[in-house]
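Chain and residue survey
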Amino acid sequence: QVQLVESGGGLVQAGGSLRLSCAASGSIFSVNAMGWYRQAPGKQRDLVARITRTGVTNYADSVKGRFTISRDNAKNTVYLQMNSLKPEDTAVYFCNLNYNGFYAWGQGTLVTVSS
């Protein structure tokens, strides 16, 4: 039983910033990686950013240079700092956890960027 609690979604104007957070709790003995995915209306769910236990990061080309992922391993928490937001960033953002050989998902938080 693992729970992912997401927060930080909301409405923001183009060019603005937003910070998402996701805290994982439960029987987590070994975290391999945590990341963020997003799904825009009419599109599939795609990787936004990912960070490993050792701090290696990976970003989608569409967000590289604007978004920054970070984590607190002791708290099993991952963050996504989103800057210079664009209307095309509007989507439901999902937190993902890779742990103990399993995957867990948050329920998603809506980010809406107005033009």
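Here, every reference points to the structure presented above.
Let me begin by describing the structure that accompanies this report.

Criteria and cut-off values
The residue numbers shown here count from 1 along each chain, following its written sequence. Restriction of local features to residues with pLDDT of at least 70 applies here, the model being predicted, together with a cutoff of 80 or more for giving and counting side-chain atom pairs; totals for whole chains, interfaces and linings are based on all residues. Hydrogens and water molecules were not included; the side-chain quantities draw on all heavy atoms of the structure. The term disulfide is used for any two cysteine sulfur atoms that are within 2.5 Å. Numbering of helices and strands runs from the N terminus; a helix is a DSSP stretch of H or I covering at least four residues, while a strand is a stretch of E covering at least two. The cut-offs for exposure are 20% and 50% of the maximum accessible area for each residue type, with area from a 1.4 Å probe on protein chains only; residues under the lower value are buried, those over the upper are exposed, and the others partly exposed. Using protein atoms alone on a 1 Å grid, points that fit a 1.4 Å probe yet trap it form a cavity, whereas open point sets bounded by protein on both sides within 12 Å along at least five of seven lines form a pocket; residues with an atom within 4 Å of a point count as lining. Grid points are joined across faces, edges and corners, and a volume is the space filled by probe spheres set on the points. When residues are sorted by character, Ala, Val, Leu, Ile, Met, Phe, Trp, Tyr, Cys and Pro go into the nonpolar class, Asp, Glu, Lys and Arg into the charged class, and all the rest, Gly among them, into the polar class.

1. As for the state of the cysteines
Counted by the stated rule, this structure contains one disulfide. What pairs with C22 in a disulfide is C95, and their sulfur atoms sit 2.1 Å apart. Between C22 and C95, the disulfide has an S-S torsion of -85 degrees and is therefore left-handed. Placement of C22 in strand β3 (residues 18-26) and of C95 in strand β9 (residues 91-99) is noted, with a sequence separation of 73 residues between them. Taken as a pair, C22 and C95 share a single burial class, namely buried.

2. Observations concerning empty space enclosed by the protein
Enumeration according to the criterion identifies one cavity of 30 Å³ or more in this entry. Taken together, V31, A33, M34, I51, T52, R53, R71, D72, N73, N76 and T77 make up the lining of the largest cavity. For the lining of the largest cavity, the element with the most residues is strand β4 (residues 31-39), which contributes three residues. For the lining of the largest cavity, the residue count by class is four nonpolar, four polar and three charged.

Shape descriptors only; they carry no functional weight alone.
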